[in-house]
Amino acid sequence: MLNAANNTGPRDVNIGLPSTVGGITIQENDLPVVYYFWPELPNRTWRQSTSLGKTGLLKIGEAAITTGDLGFAVNSYTKLGTDKLEIVGNLSGSSFGWMKGDVNVSGPLAKGWSYTMGAYANFDPNSFDLKFANYSDRTQIYRAGLTKRFNNGKGQISFLYKYANSASLTNYAVFRYKEGGKVEEYNDFRIGRDSYIVNDGIMKFKDILTGETKMADMGGSDAATTSHTFDILGNYDLANDWKFNFSTRFRTSKSFTVNCNSA
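> Quick question: what am I supposed to make of the overall build of the protein here?
Along the protein, the regular secondary structure elements total one helix and 15 strands. Classification of the 263 residues of the protein by burial places 38% in the buried group. Long-range pairs, those at least 24 residues apart, make up 55% of the contacts in the protein between residues at least 6 apart in sequence. Here the protein has roughly 15500 Å² of accessible surface; of this, 55% comes from carbon and sulfur atoms.

> Explain unusual backbone geometry to me, please; I cannot follow it from the model alone.
Peptide bonds are mostly trans, and most non-glycine residues show a negative phi. With a phi close to 70 degrees, Asp30 is a non-glycine residue in the positive phi region. With respect to the secondary-structure elements, Asp30 resides in the loop between strand E1 (25–28) and strand E2 (31–32). Taking relative accessible area as the criterion, Asp30 reaches 43% and is therefore assigned partly exposed. A positive phi is found at Asp188, a non-glycine position, where the angle reads about 65 degrees.

> I'm lost on the packing of aromatic side chains in this one. Help?
Note on aromatic pairs: each is described by the distance of the centres and the angle between the planes. Under the counting rule described, the total for this entry stands at seven aromatic pairs. Judged by centre distance (6.1 Å) and plane angle (40 degrees), the rings of Phe230 and Phe250 are tilted. With Phe230 in strand E14 (residues 224–237) and Phe250 in strand E15 (residues 243–254), the pair connects residues that are 20 residues apart, well separated along the chain. With a relative accessible area of 38%, Phe230 lands in the partly exposed category. In this structure an aromatic cluster arises from ring pairing among Tyr161, Phe230 and Phe250.

> Could you clarify how one ought to interpret the pattern of salt bridges in this entry?
Side-chain pairs of opposite charge can arise whenever the charged atoms involved come near each other. Taken as a whole, this structure holds 11 salt bridges when the rule is applied. A salt bridge links Arg249 to Asp231; the shortest N-O distance between them is 2.6 Å. Of this pair, Arg249 sits in strand E15 while Asp231 sits in strand E14, placing them 18 residues apart in sequence. Assigned by exposure class, Arg249 and Asp231 land together as buried. Because the salt bridges share partners, they merge into one network encompassing Glu28, Arg143 and Lys162.

> Would you mind showing me how to read a nonpolar patch on the surface here?
Taken together, the side chains of Leu109, Trp113, Leu146, Phe159 and Ile232 define a hydrophobic patch exposed on the protein surface, amounting to about 420 Å² of accessible area. Looking at the element boundaries, Phe159 is found in strand E9 (residues 155–168). Residue Phe159 is classed as partly exposed on the basis of its relative accessible area of 38%.

> Sorry, what's going on with the sheet that holds E14 here?
Hydrogen bonds between backbone groups are what pair the strands of a sheet, and the pairing can be parallel or antiparallel. Taken together, the seven strands give an open sheet; going across it, the order is E5-E6-E7-E8-E9-E14-E15, and neighbouring strands pair in antiparallel fashion. At either end of the open sheet lies a strand with only one pairing partner, and these are strand E5 (86–93) and E15. The average angle at which neighbouring strand axes cross in this sheet is 5 degrees, direction not considered. Pairing of strand E6 (residues 99–108) with strand E7 (residues 113–124) involves 10 bridges; the strand directions are antiparallel. Note on E7: the bridge partner recorded for Gly101 is Ala121.

What counts, and where the lines are drawn
Residues numbered from 1 in each chain as written. Predicted model: local features only at pLDDT ≥ 70, side-chain atom pairs only at ≥ 80, totals over all residues. Heavy atoms only, no water. Helix = DSSP H or I, 4+ residues; strand = E, 2+ residues; numbered from the N terminus. Buried < 20%, exposed > 50% of the residue type's maximum accessible area, 1.4 Å probe, protein only. Contact = heavy atoms within 4.5 Å. Areas by Shrake-Rupley, 256 points an atom, 1.4 Å probe, with all protein chains shown as cover. Phe/Tyr/Trp six-rings, centres within 6.5 Å; stacked < 30°, edge-to-face > 60°. Salt bridge = Lys/Arg side-chain N within 4 Å of Asp/Glu carboxyl O. Patch = residues over 30% accessible without salt bridge, like charges linked within 9 Å, V, L, I, M, F, W, Y side chains within 5 Å. Pairing = 2+ DSSP bridges. Axes fitted to C-alpha atoms, helices over the stretch in contact; angles between N-to-C directions.

Honestly, it's all geometry; don't read function into it.
Right, dumping it as structure tokens:
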């Protein structure tokens, strides 16, 4: 599911069937990372990270049964506490000034208990020139968790917390369609390099709840989403080859999405 457009999430795949989301569903610990695609996008609270123990792709049939959506789905699992100290991390960058840091530390605590902690930070100016902001994507995700493994070896339970703060801007290219599937630049607008978002980043809009006219700063917190996620999950081996798996979540978020379109 490599995304050729950006590094903020999996590729959106349109299979030609109606879907309740914008192209792909993302799950973490068998639950959707967001339950309402708009205005809080999945990549505002989820990124591919060293703090994920496993990531896979569900087939269309599996996604339909587990999520009720027609399309592909990514299912990921948070890295839990480990019996031995483990430190995993990476640092990435580009000539455009992109910097990403990603690290996870896990290890043992008291008998039967272990911990996991992770931090992800992405600061991406992208290739297009924004006059009002240094980065088109500013995302920070922090995780912490405890895992209890039962003495009889029949199961475990984990308590996980995730904090995410993400401000991400999208810039659409302006071009002319040509014959044969080709395109050409419009009025010397460099595709992927220039931006037609207003230079000061200030956007006027009408509040649909109150009818009031307000101003939003796309370079500040007005374009950011903040969320807190608490997960309790685990498994237990029952008698007669039965295994009990459970996953539950409490989540709260404050989301603000700003879209700038030009006719």
